[in-house]
Amino acid sequence: MRVAVVFSIFLTIRVANTISDKFFPPDFVFGVSTSAYQIEGAWNLSGKGESMLDYLSHTYPNSITDRSNGDIACDSYHKIDEDIEMLKHLGVNFYRFSLSWSRILPTGSIEGGVNLAGVKYYSDMLDKLKAAKIDAMVTLVHFDVPIGFIKEKMFRTEKLNQMFVDYARLAFNLFGDRVKYWLTINEPAGFSKDEMRTFYTDRGRDVYLTAHNIIKCHAAIYHLYNKEFREQQGGKLSIALNTDWYEPASDSKEDIEAAERALMFEFGWIAHPLIYGDYPEIMKKAIASSPSPLRLPVFTYEEKETIKDTVDFIALNHYSSFLTTNDPNKDVDRTFDKDIGILKTLDPSWETTILDWLHVAPSGMRKVLNWINKTYGNKPILITENGYVEGGTLKDDRRINYLQTYLSSVLDAIYIDNINVIGYSTWSLMDNWELYSGYSAKFGLYYVNFTSPNRERIAKDSVGFYKNVLESRHLVNNRNAGNHV
Ligand code: NOJ
């Protein structure tokens with residue numbers, strides 16, 4: 001008895017010390033995130049055209065840990081009603097999902113024709129979300145660009161930019177009356193660096209060309225929305241930017257600069273042009289002083305004027321942290337990573353996961369929010385992705401711990417640092433096809449039985465946790481409460 005009392009006092013103090021007891025502000029919004037290729041399946045049904053991810057997973061199965069693909073995935077194309085029931089059960093304010101461009105425009109272009117079945121799928125879904133009083137946050141492109149883009153060297157030339165703008169116009173026309181938040185593209189830095197890598201001929205150059213054109217596309221779509229849609233539709237538009245937190249590994253000037261450089265290469269690469277009109281000086285300098293100094297494209301004066309100030313809020317995907325040591329690499333063979341010139345290591349106190357890039361370092365969330373605020377001004381920040389990976393369990397107490405500690409870090413950023421964080425969405429509603437890990441890496445609040453044709457969804461313990469947070473708007477005393485559907 002005595003032991004139990006002492007233990008419970010100890011636990012209360014420990015929790016009180018680490019988990020914020022503040023309430024989320026009344027207008028703070030919560031959601032869950034998914035993307036089309038990772039959940040929909042029906043890859044070639046009802047008129048859908050082939051996408052880059054269809055092609056990649058079919059042509060290079062060895063690049064995926066379990067050699068799987070998203071041909072069926074969670075079969076959300078057929079199970080959207082169940083998905084919406086799960087969203088309702090969780091009590092989310094919004095659902096972040098993406099449109100499959102090639103389901104709507106099978107060839108990618110308007111001239112190739114509009115697939116009415118694809119349009120109906122998304123239109124019905126938006127109606128159902130509206131009936132459930134769940135706001136829609138829609139990503140136009142979440143990696144799965146139409147296959148034609150590969151043949152046409154993707155975004156490396158400006159040739160296809162207009163196609164992206166036309167697709168956006170169509171999406172605004174068809175769906176914009178029911179969409180509160182638009183994201184033009186998911187993780188352009190990750191997309192340019194990782195997803196496109198297979199298709200590059202000159203990696204150290206193509207990576208920058210791809211991002212350069214994506215930045216121009218985003219800005220063109222932002223102006224299109226302003227000019228033709230904002231007044232009657234009243235949505236908010238941004239772009240989902242990813243970054244880890246980079247902590248200097250020592251107090252040395254070199255390591256402090258290295259960490260700043262890493263943040264600038266990952267986040268500033270896209271954020272800087274879209275907020276200030278040009279690439280970060282640190283990035284320009286690092287590439288200009290490399291053995292191949294002319295690889296970063298240059299924006300003209302007119303382009304700078306057009307691209308700057310084109311986000312309504314900052315959309316952040318954040319999961320993990322690294323310790324950063326300066327690594328002045330002098331190789332002649334230049335790549336993006338060598339341009340950054342850092343070595344990444346882990347703090348031994350961080351819990352590791354089954355993925356080598358994801359460590360549980362909740363303080364990184366607060367630090368990255370502070371860094372964004374310091375670097376880009378007091379813009380509203382909406383966390384569009386954050387989540388935990390495991391190999392398959394319904395008793396996902398490690399996910400609960402991750403969500404609780406990261407959300408506590410968000411509360412600290414709001415209440416202690418006065419950062420304008422307006423919402424949070426966890427990746428992901430359910431287990432799905434993870435890039436390069438297939439079905440072996442599970443990020444879902446709901447487990448999905450991928451061996452069953454019905455793809456049953458089963459609530460993990462974290463469903464009860466997240467639901468309680470959303471209801472109580474509070475993190476303390478929620479850990480094991482309210483399990484399951
Ligand atoms: C980044 C991506 O947006 C998403 O597609 C991916 O599944 C998650 N984060 C987890 O890696």
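Just so you know, these numbers come straight off a predicted model, no measurement behind them. (Residues numbered from 1 in each chain as written. Predicted model: local features only at pLDDT ≥ 70, side-chain atom pairs only at ≥ 80, totals over all residues. Heavy atoms only, no water.)

Let us look at unusual backbone geometry. Note the cis peptide between Trp427 and Ser428, where omega equals 20°. The phi torsion at Ser46 lies on the positive side, around 50°, for a residue other than glycine. By the secondary structure assignment, Ser46 is in the loop between helix 2 (36-39) and helix 3 (52-59). Exposure remark for Ser46: the relative accessible area of 38% places this residue in the partly exposed category. For Lys133, which is not glycine, the phi torsion reads 60° and is therefore positive. Within the secondary structure, Lys133 sits in the loop between helix 6 (116-131) and strand 3 (135-141). (Helix = DSSP H or I, 4+ residues; strand = E, 2+ residues; numbered from the N terminus. Buried < 20%, exposed > 50% of the residue type's maximum accessible area, 1.4 Å probe, protein only.)

A word on the site of the ligand. Surrounding the ligand, one finds 13 residues, the nearest of these being Gln38, His142, Asn186, Glu385 and Glu434. Between the ligand and the protein, one listed contact pairs a nitrogen atom with a side-chain N or O atom of Tyr319 at 3.1 Å. Trp427 places a polar side-chain atom, nitrogen or oxygen, 3.3 Å from an oxygen atom of the ligand. Here the ligand loses 94% of its free accessible area of 300 Å² to cover by the protein chains. Class assignment of the residues belonging to the shell around the ligand gives a composition of 6 nonpolar, 4 polar and 3 charged. (Near = heavy atom within 4 Å. Polar contact = N/O pair within 3.5 Å; in protein donor to acceptor, adjacent residues only side chain to side chain. Areas by Shrake-Rupley, 256 points an atom, 1.4 Å probe, with all protein chains shown as cover. Nonpolar A, V, L, I, M, F, W, Y, C, P; charged D, E, K, R; others polar.)

Sheet strands pair via backbone hydrogen bonds, and the direction of the pair is either parallel or antiparallel. Here we have 8 strands rolled up into a closed barrel, ordered 1-2-3-4-5-7-12-13, and parallel in their pairing. Between one strand axis and the next, the sheet turns through 25° on average, direction left out of account. Strand direction decides the pairing type here: strand 1 (residues 29-33) and strand 13 (residues 421-427), joined by 5 bridges, are parallel. Opposite Gly31, over in strand 13, you have Ser425 as the bridge partner. Contacts between helix 9 (residues 188-195) and the sheet are confined to strand 4 (181-186) and strand 5 (236-242), with strand 5 contributing the most and set at about 45° to the helix. (Pairing = 2+ DSSP bridges. Axes fitted to C-alpha atoms, helices over the stretch in contact; angles between N-to-C directions. Contact = heavy atoms within 4.5 Å.)

Another point: a nonpolar patch on the surface. Among the surface-exposed residues, Phe23, Tyr415 and Ile416 lie close enough to one another that they form a single nonpolar patch of about 320 Å² accessible area. Looking at where Phe23 falls in the secondary structure, it is placed in the loop between helix 1 (2-18) and strand 1. (Patch = residues over 30% accessible without salt bridge, like charges linked within 9 Å, V, L, I, M, F, W, Y side chains within 5 Å. Salt bridge = Lys/Arg side-chain N within 4 Å of Asp/Glu carboxyl O.)

For helix 3, the complete set of buried residues consists of Met52, Leu53, Asp54, Leu56 and Ser57. On its buried face, helix 3 sits against helix 2, helix 7 (148-151) and helix 9.

Membership of the largest hydrophobic core comes to 155 residues, with the highest contact counts inside it found for Leu99 and Trp182. With near-sequence residues (within four places) excluded, Trp182 lies in contact with Leu99, Val138, Leu140, Ala171, Phe172, Phe175, Gly176, Tyr225, Lys236, Leu237 and Ser238. Met137, Leu183, Phe313 and Leu382 belong to the second-largest nonpolar core, a separate cluster that totals 9 residues. (Core = buried A, V, L, I, M, F, W, Y, C linked by side-chain atoms within 4.5 Å.)

Next up on the list: the packing of helix 15 (residues 363-376) against helix 16 (residues 397-415). Running from N to C, helix 15 and helix 16 point in directions that differ by 35°, and their axes come no closer than 7 Å. Remark: the crossing between helix 15 and helix 16 carries right-handed chirality. Where helix 15 approaches helix 16, its residues Ser363, Met365, Arg366 and Leu369 are matched on the opposing element by Tyr406, Ser409, Val410, Asp412 and Ala413. Grouping the amino acids of the contact of helix 15 with helix 16 by side-chain chemistry returns 5 nonpolar, 2 polar and 2 charged. (Left-handed = near helix turned anticlockwise from the far one by under 90°.)

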